[in-house]
Amino acid sequence: MKFRNYVPKDKELHEGKLAPPDPFLNIAPKQPNWYLRRDVQKKHDKLERRTLKAICKLMEEQEKEKQVVENGGNVIED
């Protein structure tokens, strides 16, 4: 006989007691969250493009400020 949840009092039955299951094996979610990623993917892509544009704009502004400082206050327009 094998016992999972019962702790036998008789010493002869202790041999049939199973080790408790490893709790780290059940970490994965029971239902995958693919549907969440699918629903949010369009918004994520849009936000990613906006973020890249904003970063480029900030870099251009910093470059212009750097050129103004190097030229002694004279602004060079392209």
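Residues numbered from 1 in each chain as written. Predicted model: local features only at pLDDT ≥ 70, side-chain atom pairs only at ≥ 80, totals over all residues. Heavy atoms only, no water.

Can you walk me through the overall build of the chain in this structure?
In terms of helices and strands, the chain carries one helix and zero strands. As displayed, the chain has an accessible area near 8400 Å², and 56% of this comes from carbon and sulfur atoms. (Helix = DSSP H or I, 4+ residues; strand = E, 2+ residues; numbered from the N terminus. Areas by Shrake-Rupley, 256 points an atom, 1.4 Å probe, with all protein chains shown as cover.)

Honestly, helix α1 (residues 34-70) in this entry has me stumped. Any pointers?
Each turn of an α-helix holds 3.6 residues, which means side chains three or four residues apart point in the same direction. Here α1 is 37 residues long and its end C-alpha atoms lie 52 Å apart, about the 54 Å a rise of 1.5 Å per residue gives. Along its length, α1 shows its largest kink, about 45 degrees, at glutamine 41. In the stretch just after α1, glycine 72 is the one whose phi turns positive, near 75 degrees. (Expected span 1.5 Å × (residues − 1). Bend = angle between axes of the 7 residues up to and from the residue.)

Explain the pattern of salt bridges to me, please; I cannot follow it from the model alone.
Pairs may arise between side chains of opposite charge once their charged atoms sit close together. Using the criterion set out here, one finds one salt bridge in the structure. Of the charged contacts, one joins aspartate 39 and arginine 38 as a salt bridge, the two residues approaching to 3.2 Å between their closest N and O atoms. The class of aspartate 39 is partly exposed, set by a relative accessible area of 47%. Residue classification places arginine 38 among the partly exposed residues on the basis of a relative accessible area of 49%. (Salt bridge = Lys/Arg side-chain N within 4 Å of Asp/Glu carboxyl O. Buried < 20%, exposed > 50% of the residue type's maximum accessible area, 1.4 Å probe, protein only.)

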